[in-house]
Amino acid sequence: MDPEKLKERVLTLIPEAGLEESKQYPTFIVPAAKLHSAAISLKENEDTAFDYLFCQSGVDMEKYLMVVYHLESTKHGHAIVLKVKTEDRENPVIDTVCDIWRTAEFHEREIYDMLGIRFANHPDMRRIFLDENWVGYPLRKDYKDEVNIVEL
Amino acid sequence: MKEVIHTPVPLVEEEEYHINMGPQHPSTHGVLRLVVTLQGEIVKSLKPHCGYIHRGIEKMCEKDTYPQIIHLTDRIDYLSAHINNHAVCLLVEKALEIEVPERVKYVRTIMDELARIQSHQLWWASFGMDLGGLTCFFYGLRDREKILDIWEETTGARFLQSYYTPGGLLWDIHPNFQKDVKAFIKYFRKKIRDYDNILSGNVIFRERSRNIGLMSKEDAISWGVTGPSGRGSGWSCDVRKHHPYALYDKVDFKEILYTEGDTLARYLVRMDEMRESMNIIEQLIDNIPEGDFTAKMKAVIKLPAGEYYQRVESARGDLGLYCISDGNKTPYRMKFRTPSFSNLSVLDHISRDLKIADLVAIGGSLDLVIPDIDR
Amino acid sequence: MTSNIYDNFVASLTQSIHEWLYHVMPPTWALISEMTIIGLVFLLFYALVGLFLVYAERKVCAFMQNRVGPNRVGPYGIFQTIADFIKLLMKELITIKNSDKLLFNIAPFIVIIASFMAIAAIPFAKGLHAIDFDIGILYVIAVSSLGVVGILLAGWSSNNKYSLIGAMRSGAQIISYELSVGMSLLTIIILAGTMQFSEIVQGQEYGWFLFKGHIPAFIAFVVFLIASTAETNRGPFDLAEAESELTAGFHTEYSGIKFAFFFLAEYMNMFIVASIGATVFLGGWMPFMVHGWDGFNTVMNYIPPSIWYILKTGFIIWLMMWFKWTFPRLRIDQLLTLEWKYLLPINLFNILLMAFIVLMGWHF
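Residues numbered from 1 in each chain as written. Chains lettered and ligands numbered in written order. Predicted model: local features only at pLDDT ≥ 70, side-chain atom pairs only at ≥ 80, totals over all residues. Heavy atoms only, no water.

**Some remarks on the overall build of chain A**
Definition in use: Secondary structure follows DSSP: runs of H or I at least 4 residues long count as helices, runs of E at least 2 residues long count as strands, and numbering of each begins at the N terminus. Each residue is placed in one exposure class: buried if its accessible area under a 1.4 Å probe, protein chains only, is under 20% of its type's maximum, exposed if it is over 50%, and partly exposed if it falls in between. Contacts: residue pairs with any heavy atoms within 4.5 Å of one another.
On a plain count of helices and strands, chain A comes out with 3 helices and 7 strands. Shown N-terminal to C-terminal, the secondary structure of chain A runs as helices and strands in the order α-β-β-α-β-β-β-β-α-β. On the principal axes, the C-alpha backbone points of chain A span a range of 50 × 35 × 25 Å. By residue count, 55% of the 152 residues in chain A fall in the buried class. Long-range contacts, defined here as pairs at least 24 residues apart, represent 49% of the contacts in chain A between residues at least 6 apart.

**Considerations on the overall build of chain B**
This is how it is decided: Between the two quantities, the radius of gyration covers C-alpha atoms and the globule rule is 2.2 Å times the number of residues to the power 0.38. For every accessible area listed, the method is Shrake-Rupley and the probe measures 1.4 Å; residues are considered covered only by the protein chains on display. Positive charges come from Lys and Arg, negative ones from Asp and Glu, while His and the chain ends are left out of the count. To locate a charge, the coordinates of NZ of Lys, CZ of Arg, CG of Asp or CD of Glu are taken.
What chain B contains, in helices and strands, is 15 helices and 8 strands. Scaling as 2.2 N^0.38, a compact globule of 375 residues should have a C-alpha radius of gyration of about 21 Å, and chain B matches this with 21 Å. Split into buried and exposed, the 375 residues of chain B put 64% on the buried side. The contacts in chain B between residues at least 6 apart in sequence include a share of 69% that link residues at least 24 apart. As displayed, chain B has an accessible area near 13,100 Å², and 52% of this comes from carbon and sulfur atoms. One finds the centroid of the 48 positive side-chain charges in chain B at a distance of 3 Å from the centroid of its 53 negative side-chain charges.

**Re the sheet that holds strand β2 (residues 27-30) of chain A**
Residues and elements named next belong to chain A. We apply this condition: Being paired, for any two strands, means DSSP has found at least two bridges between them. Each axis is a line fitted through C-alpha atoms, and for a helix only the stretch in contact is used; angles between axes span 0 to 180 degrees, taken between their N-to-C directions.
Taken in spatial order, the 5 strands make up an open sheet running β1-β2-β5-β4-β3, and their pairing is mixed. Only two strands of the sheet have a single neighbouring strand rather than two, namely β1 (18-20) and β3 (52-60). Between one strand axis and the next, the sheet turns by 25° as a mean value, whatever way the strands run. In this sheet, β2 lies alongside β1 in antiparallel orientation, the contact comprising 3 bridges. Pairing of L19 across the sheet is with F28, part of β2. Of the strands in this sheet, β2, β4 (65-72) and β5 (79-86) touch helix α2 (residues 35-44), which is tilted by about 170° from β5.

**A short note on the interface of chain A and chain B**
Selection rule: Buried area: the accessible area, evaluated with a 1.4 Å probe, that two parts lose upon being put together, summed over both parts. Salt bridges are identified by distance alone: a Lys or Arg side-chain nitrogen within 4 Å of an Asp or Glu carboxyl oxygen. In the analysis that follows, any N or O atom pair within 3.5 Å is treated as a polar contact, provided that within protein one partner can donate a hydrogen and the other can accept it, and provided that, for residues neighboring in sequence, both atoms belong to side chains.
At the junction of the two partners, chain A supplies 49 residues and chain B supplies 44 residues. A combined buried area of about 4,200 Å² lies between chain A and chain B, and 53% of that area is made up of carbon and sulfur atoms. Inspection of the chain A/chain B interface yields 6 salt bridges. When the shortest N-O distance is used, the salt bridge between R311(B) and E72(A) registers 3.1 Å. Counting across the chain A and chain B interface gives 20 residue pairs in polar contact (both at pLDDT 80 or more).

**Looking at the pattern of salt bridges**
When charged atoms on two side chains of opposite charge get close, those side chains can pair. Evaluation of the coordinates by the stated rule reveals 50 salt bridges over all chains. A salt bridge links K83(A) to E307(B), with the nearest nitrogen and oxygen atoms 2.2 Å apart. Taken together, the positions of K83(A) in strand β5 and E307(B) in strand β6 (residues 306-314) put the pair across two chains. Taking relative accessible area as the criterion, K83(A) reaches 2% and is therefore assigned buried. The salt bridge partner of R331(C) is D333(C), with a shortest N-O separation of 2.8 Å. Each of E113(B), R116(B), R231(B), D238(B), R240(B), E273(B) and E313(B) takes part in one network of salt bridges that share partners.

**With respect to helix α5 (residues 134-155) of chain B**
For the record, the criterion: Each helix should span, by expectation, one fewer than its residue count multiplied by 1.5 Å.
A rise of 1.5 Å per residue sets the reference length of α5(B), with its 22 residues, at 32 Å; its end C-alpha atoms lie 31 Å apart and thus fit the reference within 8%. G156(B) lies just past α5(B) and shows a positive phi near 85°.

**Describing the interface of chain C and chain B**
Formally: Gly counts as polar in this scheme, as do all residues outside two lists: the nonpolar Ala, Val, Leu, Ile, Met, Phe, Trp, Tyr, Cys and Pro, and the charged Asp, Glu, Lys and Arg.
Each side of the interface is counted separately: chain C has 24 residues, and chain B has 34 residues. In total, chain C and chain B occlude about 2,500 Å² of area from one another, counting both sides; carbon and sulfur atoms represent 58% of this. Secondary-structure elements contributing two or more residues to the side of chain C that touches chain B are α7 (161-192), α11 (243-246), α14 (305-326) and α15 (332-360) of chain C. Looking at the side of chain C that touches chain B residue by residue, the classes come out as 10 nonpolar, 6 polar and 8 charged.

**Notes on the pairing of strand β2 (residues 33-39) of chain B**
All names here are of chain B. In terms of burial, β2 is largely enclosed, as 5 of its 7 residues are buried. With 5 bridges joining them, strand β1 (residues 17-21) and β2 adopt antiparallel strand pairing. Paired with Y17 across the bridge in β2 is L38. Taken together, the 7 bridges between β2 and strand β3 (residues 42-49) define a ladder with antiparallel strand orientation. By the bridge assignment, Q39 is partnered in β3 with I42.

**Some thoughts on unusual backbone geometry**
Its identity is not glycine, yet E62(A) carries a phi of approximately 70°, on the positive side. One can find E62(A) in the loop between β3 and β4. Judged by relative accessible area, E62(A) falls into the exposed class, the value being 51%. For A246(B), which is not a glycine, the phi torsion comes out positive at approximately 45°. Relative to the helices and strands, A246(B) is located in the loop between α10 (239-242) and α11 (263-285). Accessibility expressed as a relative area gives 15% for A246(B), which makes it buried.

**Thoughts on the sheet that holds β2(B)**
All names here are of chain B. The 3 strands lie next to each other as β1-β2-β3, forming an open sheet whose pairing is antiparallel. Each of the sheet's edge strands pairs with one partner strand only, and the pair in question is β1 and β3. Between one strand axis and the next, the sheet turns by 25° as a mean value, whatever way the strands run. On the sheet, helix α14 (residues 356-365) packs against β1, β2 and β3 and is oriented at approximately 35° with respect to β1.

**Considering the side chain of T37(B)**
All names here are of chain B. Looking at the element boundaries, T37 is found in strand β2. A polar side-chain atom of T37 sits 3.2 Å from a polar atom in the side chain of H18. The residues contacting T37, other than those within four sequence positions of it, are E16, Y17, H18, I42, V43, K44 and S45.

**A word on the side chain of D112(B)**
Residues and elements named next belong to chain B. Turning to its location among the elements, D112 is positioned in helix α4 (residues 102-130). Here D112 sits buried without a salt bridge, and the closest side chain of opposite charge, R116, lies 5.5 Å off (N-O distance). One polar contact links D112 to Y164, side chain to side chain, over a distance of 2.9 Å.

**Some details on the environment of M321(C)**
All names here are of chain C. By the secondary structure assignment, M321 is in helix α14. Separated by 85 residues in sequence, M321 and P236 have C-alpha atoms that sit 10.0 Å apart. Non-local contacts of M321, meaning those with residues more than four positions away in its chain, are made with L53, A56, E57, V60, R234 and M270.

This is the structure in structure tokens:
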């Protein structure tokens with residue numbers, strides 16, 4: 001499917017999504033509440049069939065926290081990007097997608113570890129790299145660590 | 001901020017017990033820790049504990065310039081250092097819309113394939129050792145040494161080369177490079193037959209690996225198991241074929257696919273990939289064009305604001321670099337999607353209800369590199 | 001019977017020592033000192049063979065793996081194992097918290113005593129053995145299987161799950177393969193008609209049992225090789241200490257000289273099974289002789305029987321080392337399948353076949 005058609009198709013599947021300007025992949029901003037149902041419909045639909053989540057990353061944009069989903073269809077070969085934003089820095093919660101793409105299980109644990117975004121309904125929401133009793137989330141821009149990070 | 005979530009440790013059923021495989025254990029090839037729940041010798045479930053070699057490379061990237069980041073990527077998956085360097089270079093070149101000279105593309109492709117061969121050699125060596133065939137280890141390392149020698153001559157380093165720079169190469173190839181690579185291919189074509197004789201054709205090895213760790217194509221896609229491990233399940237996931245970079249759209253090579261999805265299939269994919277990589281190198285090595293070894297680059301590299309994603313096929317699978325730039329000389333956020341991280345996540349699923357010896361075989365067949373998991 | 005020029009030498013040497021001892025002290029003391037001397041000689045022999053086998057294994061393994069092997073300590077590294085032994089002697093003996101101290105400490109001794117006792121019955125040349133039992137084979141089988149008790153104790157008392165898994169594997173393995181070793185030897189006992197080692201060797205004067213018993217003897221020999229490799233816990237059957245799965249299996253927690261005991265016992269067990277294999281199938285110290293070729297037989301007779309014995313034993317040991325450095329390891333269920341579903345039925349059938357052949361007189 002060519003990018004323009006794909007954009008239209010995705011927008012009909014997820015009417016709440018907003019399109020974002022991007023160079024490489026068509027990018028959509030999905031409201032956090034709609035993420036799970038949107039993900040299911042993107043995967044289940046025959047002509048989109050996004051069955052491969054090839055990257056899931058968390059980003060701290062300072063104003064808000066963001067989770068970025070890079071999706072590819074192994075059947076059609078097209079790819080899109082979903083972004084989910086949350087402005088709550090104290091207790092951010094986003095629905096998990098690890099029941100849809102199992103690879104998300106580890107990626108979500110990593111995002112929780114590094115950015116403190118919790119994923120609702122995740123089967124094993126623990127830190128993955130750092131200690132259980134580590135204080136703070138290192139990839140946040142306001143993370144301070146005088147001992148280990150040398151500010152130049 | 002302090003909020004610790006303790007998920008209850010899975011209670012041990014009757015006649016079950018935990019063992020810790022790792023962080024110091026011969027079969028985890030590094031500091032990976034697997035908490036395995038066993039019933040007798042049967043693996044009931046396992047939980048990987050990562051992070052023993054977590055160095056926060058993603059955080060470090062936010063403070064480093066792009067040429068500096070190349071040196072960090074070596075350390076992610078040290079066995080495909082060249083390929084990781086390549087990913088950063090391609091990302092910067094794509095963002096700045098720089099066309100690199102043909103010569104650079106040739107050298108990079110050859111180096112990448114050499115990296116793939118040596119990575120698979122080391123994997124073969126350690127996989128043989130996991131299964132108790134200690135001789136394999138020395139055969140594999142003996143042949144890998146030849147590639148390291150070639151690299152040492154051209155790049156000055158045997159292991160962590162950082163030979164690529166955005167726009168080209170650090171310096172030109174050594175005058176002996178073509179001769180040495182051709183000699184190596186001739187040598188290794190003969191030696192790879194030894195590999196088949198000592199391990200692939202062995203009855204015990206076949207019985208140990210066949211129908212062990214079955215992973216369907218759907219599982220592979222859902223868990224994001226890429227690279228040779230995914231292709232052993234029949235998933236055509238070779239980035240070199242689907243999103244070609246460097247010269248991969250020009251050279252003629254097969255994507256190795258096996259549909260069995262067991263440990264033996266993953267083994268055979270890698271064995272065939274070594275041969276296929278030699279084919280790729282043979283097509284290129286005589287035709288390296290004359291020319292510059294680097295494109296003209298500005299002294300300070302600043303990526304235009306925006307988002308970039310670059311995928312390459314490392315020896316372990318689909319390596320992705322997700323970069324958000326705000327126009328500065330350092331990235332705003334750099335995310336590495338490393339293949340071993342996703343490949344590890346499937347280990348629990350495919351090793352359940354098998355013996356502990358099978359767990360070692362499956363772990364070996366996934367070809368995990370621990371720094372690639374932990375970053 | 002052809003008389004060997006070396007026969008009298010050993011006999012007269014032992015006889016003269018015997019007479020001298022009885023001459024200088026009362027019979028009880030003479031008996032005690034004779035036993036002590038024999039014990040010391042065997043202890044020395046045991047240590048030397050152990051050290052040599054470790055060195056040989058390292059050289060053979062290096063040869064298989066395109067390496068040089070030990071080459072720094074002494075010419076061709078021949079003193080390497082002695083240096084290693086001294087190092088092991090001086091290492092700290094680590095006592096594990098919460099381990100069963102008594103069992104933990106006696107386990108290595110049980111293993112090493114079992115292998116030491118088995119040596120007693122092995123004939124190294126005509127008249128050169130500690131005891132010539134008339135149930136020699138039975139004795140050796142019985143004594144060598146005691147070692148598994150030590151391994152089980154070591155695994156249990158270490159308070160380590162890896163050790164326990166290793167010990168349990170080893171228990172299952174040795175008890176299973178004991179059967180095959182016993183049965184393959186039984187095949188030859190049928191042919192030889194005796195269990196006494198000296199008579200078994202004597203019976204192979206013109207033709208080793210491997211050739212005399214042709215098909216069933218050959219099958220028995222192959223089964224014996226496989227089963228005895230398994231019984232000594234050596235690769236490809238080294239599941240008890242599978243280092244890629246169980247770190248070091250039953251001896252994970254042992255250090256220093258206690259570890260060395262396990263290590264030494266493994267090599268000595270290999271030596272013992274190779275000796276039994278050489279004695280029962282390949283004629284032991286008996287030279288290679290063919291009935292009627294007197295000239296040839298005389299030449300063969302000039303080679304001392306101990307050399308023949310060492311060559312044959314060495315050949316079998318070399319075969320076992322070759323196995324270890326070539327094959328990957330089996331899995332525990334495959335190991336038991338091999339024994340109970342293949343080797344044991346083959347063996348039982350083979351015994352019948354041998355009995356039939358002996359009955360009909362079809363052997364050579």
